[in-house]
Amino acid sequence: MADVQIVRADYEDLKVVMDIFEDCKSYLNSRGILQWNEKYPNQEYFETALKGENLFVLKKEGQILGAMVLDEWQTPEWETAQWTDVQGNPLILHSFCVHPSAQGGGYGGKMLQYAEDFANEQDYPALRLDSFSGNEAAVGFYQKRGYTRTGIVKLKGKPQGHDQYYCYEKLFK
């Protein structure tokens, strides 16, 4: 994967990130996976992540193929998950996507490895995330990468039947 890099996004990247998420959302919707809508993720969300230096993009030869947000915010619904008791705040992975045209090329694995390395380098004890239970490809991806399922939560604001999410974590300390 020559000429592939993962960097913090800058303001010029925002339009492309939004376009990638719209394409991913359409692709998921066409497969009956309604995990994203007009409320999340949206432009305001990505602008906030950008200002906090929490928005990362994968670029290949200068073209953005994927995006993710890394921060410490956890949705209140996660309180019911059986997270491992850790010292310090875990790093949280949000809004993780690779453009549909680039899926299957190993970019998701590269991005997840970057998130894990980032967590380790910044002394986070764990990387946590959730995944829509109906997105079998994503669920299998995290399980194959050694993530432990810590619970099942219902996320508010999601369509009925598309609101059950699996919580996952990987420990580093």
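In the block above lies the structure referred to throughout.
Residues numbered from 1 in each chain as written. Predicted model: local features only at pLDDT ≥ 70, side-chain atom pairs only at ≥ 80, totals over all residues. Heavy atoms only, no water.

S.K.: Break down the overall build of the protein chain for me, with residues and values.
M.R.: Each helix and strand counted, the protein chain has 4 helices and 7 strands in total. Taken from the N to the C terminus, the helices and strands of the protein chain come in the order β-α-α-β-β-β-α-β-α-β-β. Against the 2.2 N^0.38 benchmark of 16 Å for 173 residues, the protein chain shows a C-alpha radius of gyration of 15 Å, consistent with a compact globule. Considered along the principal axes of its C-alpha atoms, the protein chain spans approximately 40 × 40 × 30 Å. Taking all 173 residues of the protein chain together, 50% fall into the buried category. In the protein chain, the share of contacts with a sequence separation of at least 24, taken over all contacts with a separation of at least 6, comes to 72%. Total accessible area on the protein chain stands at roughly 9100 Å², and carbon and sulfur atoms take up 45% of it. Averaging the positions of the 18 positive and the 25 negative side-chain charges in the protein chain gives two centres separated by 5 Å. (Helix = DSSP H or I, 4+ residues; strand = E, 2+ residues; numbered from the N terminus. Rg over C-alpha atoms; globule rule 2.2 N^0.38 Å. Buried < 20%, exposed > 50% of the residue type's maximum accessible area, 1.4 Å probe, protein only. Contact = heavy atoms within 4.5 Å. Areas by Shrake-Rupley, 256 points an atom, 1.4 Å probe, with all protein chains shown as cover. Lys, Arg positive; Asp, Glu negative; His and termini not counted. Charge placed at Lys NZ, Arg CZ, Asp CG, Glu CD.)

S.K.: Go over the pattern of salt bridges, please, and point to the residues and values.
M.R.: Charged atoms that come close allow side chains of opposite charge to pair. Taken as a whole, this structure holds 7 salt bridges when the rule is applied. E169 is paired through a salt bridge with R128; the nearest N and O atoms lie 3.1 Å apart. Separated by 41 residues along the polypeptide, E169 in strand β7 (residues 164-171) and R128 in strand β5 (residues 126-132) bring together distant segments of the chain. With relative accessibility at 5%, the residue R128 sits in the buried group. What emerges from the salt-bridge pattern is a single network uniting E116, R145 and K170. (Salt bridge = Lys/Arg side-chain N within 4 Å of Asp/Glu carboxyl O.)

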